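Here are the chains, one letter per residue:
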Amino acid sequence: MTSVLSVSSEVFPLIKTGGLADVAGALPLALGRIGIDVRTLIPAYPSVLAGLGGGQVVAEMPELFGGPARILQVEVAGLDLLLLDAAHLYDRPGGPYIGINGYDHPDNWARFAALSKAAALVGLGLIPGYRPDIVHAHDWQAALAPVYLEREPDRPRTVVTIHNLAFQGAFPHAIFAELGLPDEAWGVDGVEYYGSVGFLKGGLRSADAVTTVSPNYAAEITTAAGGMGLDGLLRGRADRLTGIVNGIDVETWDPATDPHVAATFTRGDVFRRTINKRALEAEFAIEEDDTPILAVVSRLTWQKGLDLLAESCDDIVAAGCRLVICGSGDRMLEGAFLGAAARHSGRMGVRIGYDEILSHRIQAGADALLVPSRFEPCGLTQLYALRYGCLPVVSRVGGLADTVIDANFAAQAAGVATGVIFSPVSREGLMDGIGRLVRLYEDPSLWRDLQLTAMSSDVSWTSSARRYADLYKSLLPEPLA
Ligand SMILES: Nc1ncnc2c1ncn2[C@@H]1O[C@H](COP(=O)(O)OP(=O)(O)O[C@H]2O[C@H](CO)[C@@H](O)[C@H](O)[C@H]2O)[C@@H](O)[C@H]1O
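All residue numbers here refer to positions counted from 1 along the written sequence of the relevant chain. With the structure being a predicted model, the display of local features is reserved for residues of pLDDT at least 70 and the display and counting of side-chain atom pairs for 80 or more, all residues being used for whole-chain, interface and lining totals. Side-chain numbers here rest on the full set of heavy atoms in the structure, without hydrogens or water.

Focus: the overall build of the protein chain
Helix numbering and strand numbering both begin at the N terminus, where a helix is a DSSP run of H or I of at least 4 residues and a strand a DSSP run of E of at least 2. Check the secondary structure of the protein chain and you find 19 helices and 18 strands. In this setup the radius of gyration rests on C-alpha atoms only. A globule is expected at 2.2 Å times the number of residues raised to 0.38. Over its C-alpha atoms the protein chain spans a radius of gyration of 23 Å, differing by no more than 12% from the 23 Å that the globule rule assigns to 481 residues. Each of the three principal axes of the protein chain carries a C-alpha extent, and together these read 65 × 55 × 45 Å. Burial here depends on accessible area, computed with a 1.4 Å probe over protein chains only, as a share of the maximum for the residue type. Under 20% is buried, over 50% is exposed, and the range in between is partly exposed. Every one of the 481 residues in the protein chain was classed for burial, and the buried ones make up 57%. A separation of at least 24 residues holds for 69% of the contacts in the protein chain among residues at least 6 apart in sequence. Exposure was quantified through the Shrake-Rupley algorithm and a 1.4 Å probe, taking into account, for residues, occlusion by the shown protein chains and nothing else. Of the roughly 18800 Å² of accessible surface on the protein chain, a fraction of 54% belongs to carbon and sulfur atoms. Only four residue types enter the tally: Lys and Arg on the positive side, Asp and Glu on the negative side; His and the chain ends are excluded. The atom standing in for a charge is NZ when the residue is Lys, CZ when it is Arg, CG when it is Asp and CD when it is Glu. Side chains of the protein chain give 39 positive and 56 negative charges; the mean places of these two sets differ by 2 Å. When checking whether two residues touch, look at their non-hydrogen atoms; a contact exists if any pair is within 4.5 Å.

The following block contains the structure:
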């Protein structure tokens, strides 16, 4: 049986700041169902330890970046977890990356180099009786693992997955001496990146395979426009780069059984969504009527194009729509949305914060989900939306273009349309997409067809897990006949 050590800085349901956690939590379960043994290594943040109460110590390291560390093994929600318990690195208030003062933890380089180093040691047999075939590192926080492994004889194969190329883990040259890497690792074929240490850059250079989370994004990042400075390297590794679209956990996100919504529903009784729509109006204190509710569930950042939405709120309300927003991030955007909601009381509601339960209620009760991203490696919220019959209105970028089928004339005629795709990513493009959505909404039987087609989209992990399994297999030596 192929065994994989998955390495991530967050994993649902234990610690989540974004889509990485969803994938790190759901992919191992899907791989497990097709016979791949996955263990997941994450830092033992205080909130993770508090929720677990114990675990078995399976390895000890007397010195890991300034203090002792150990690895605890525990099973949670079907995940076989390895927790890197190192109080000097992780036992502190704040989030996984940011302290309570709102700034990055100053030693993030050491915190995540330690995660990568521990992954490499586990890959080489640190835990008695366990030697994974593959070390699969997610994003920059784990990306040094392949660099630590690169020169080891008899090492596991390595994969780096890019969930967000905007975060590259770049640190001053001075830390290189602290990483415990050989001198040869400093240079263009190693971690050096324009004079700094680039964690992601090093991982992309050293890994046996590189993946990202949709085929379209895999193509975009090899261009100067989408490569965020790494396109040259990625073009050079094009033969090792694949895009595998994300799935979602279809049990956590199941409108037929969702415990968080006012009324569960299926394709057969999709009319019951109205109960959720009424509940959403009450929750956001907006007027009760039958005009479309457009929604956003997102980090409020430039990536997500939400400045374009902030500029369009007045037009959206004027077009007869209502708008509900759940998100947090950029303070200017938070203020802009709160200001617009105050101007459009009854037509627009805003919840600043991170609220997992509310995100389910929004998907179940809103008519459409807006995702006007400037770039989007895959995007998960549009997949939740499809499953909940909340039609996605997305920009034509990255994985959004790979997962939504635009309701153009041909797609409508063929009965395959699942949402609206707009371009360019501009205020005019977004308003054009919303205008098209409103026209679709005005035809109730067409709208119902679109909802039912959206709900039958395959957003599960089944086929993508197989693609990861095939990739792992391609990296391993052929078994002897
Ligand atoms: N205020 C809020 N309240 C509740 N839930 C909230 C929330 N804000 C965001 N979320 C949740 O956080 C997750 C966000 O995932 P996305 O994939 O959409 O974007 P993200 O940019 O974080 O992920 C990156 O990694 C993922 C995984 O590969 C890629 O899909 C994506 O393109 C890439 O940018 C979703 O589960 C969403 O519901």
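Having seen the model, we can carry on.
A look at the site of the ligand
Around the ligand, the surrounding shell holds 29 residues, and the nearest of these are Asp 22, His 163, Arg 299, Glu 376 and Gly 379. What qualifies as a polar contact is a pair of N or O atoms within 3.5 Å, subject to a donor-acceptor requirement within protein and to the restriction that residues adjacent in sequence count only when both atoms come from side chains. Interatomic distance of 3.1 Å between a side-chain N/O atom of Gln 303 and an oxygen atom of the ligand. Out of a free accessible area of 710 Å², the ligand has 97% covered by protein chains. The leading source of residues in the shell around the ligand is helix 1 (residues 19-33), at 4 residues. All amino acids are sorted into three groups, where Ala, Val, Leu, Ile, Met, Phe, Trp, Tyr, Cys and Pro are nonpolar, Asp, Glu, Lys and Arg are charged, and the leftover types, Gly among them, are polar. Here the residues of the shell around the ligand sort into 10 nonpolar, 12 polar and 7 charged. Domain extents, as shown, originate in an automatic or database domain assignment. Counting the residues that make up the shell around the ligand, at least three belong to each of domain 1 (3-247 + 462-475) and domain 2 (267-455). Whether a residue is near a molecule or strand is decided by its heavy atoms; if any one of them lies within 4 Å of it, the residue is near.

As for the domain arrangement of the protein chain
The assigned domain composition of the protein chain is domain 1 (3-247 + 462-475) and domain 2 (267-455). The C-alpha centroid of domain 2 is placed 32 Å from the C-alpha centroid of domain 1. With 20 residues of domain 1 in contact, the opposing surface of domain 2 contributes 17 residues. Here the buried area means the combined drop in accessible surface, using a 1.4 Å probe, for two parts upon being joined, counting both sides. At the boundary of domain 1 with domain 2, total buried surface from both sides reaches about 1300 Å², with 60% on carbon and sulfur atoms. Broken down residue by residue, the surface that domain 1 buries against domain 2 is led by Lys 16, Asn 216 and Tyr 217, which jointly contribute 27%. The salt bridge partner of Lys 16 is Glu 356, with a shortest N-O separation of 3.3 Å. At the boundary of domain 1 with domain 2, the tally comes to 9 residue pairs in polar contact (both at pLDDT 80 or more). Taken together, the elements giving at least two residues each to the side of domain 1 that touches domain 2 come down to helix 1 and helix 8 (215-220). Looking at the side of domain 1 that touches domain 2, its residues break down into 9 nonpolar, 8 polar and 3 charged. For salt bridges, the criterion is a side-chain nitrogen of Lys or Arg within 4 Å of an Asp or Glu carboxyl oxygen.

Re the sheet that holds strand 6 (residues 134-138)
Any two strands between which DSSP finds at least two bridges are classified as paired. The sheet built from 9 strands is open, its strands ordered 3-4-5-2-1-6-7-11-12 with mixed pairing. Either end of the sheet is taken by a strand with one partner, and the two such strands are strand 3 (56-61) and strand 12 (241-243). This sheet shows a mean twist of 25° between the axes of neighbouring strands, independent of strand direction. Looking at chain direction, strand 1 (residues 3-7) and strand 2 (residues 37-43) are connected through 5 bridges and run parallel. Bridge pairing in strand 2 places Val 7 opposite Leu 41. Lines fitted to C-alpha atoms define the axes, with helix axes restricted to the stretch in contact, and inter-axis angles between N-to-C directions lie between 0 and 180 degrees.

Looking at unusual backbone geometry
The linkage connecting Phe 12 with the following residue, Pro 13, adopts the cis geometry, with an omega of 10°. Within the secondary structure layout, Pro 13 lies in the loop between strand 1 and helix 1. A cis amide bond, omega 0°, links Ser 423 with the succeeding residue Pro 424. Here Pro 424 shows up in the loop between strand 18 (420-422) and helix 17 (427-441). At Ala 77, a residue that is not glycine, the phi angle is positive and equals roughly 50°. Non-glycine residue Tyr 194 carries a positive phi angle of around 50°.

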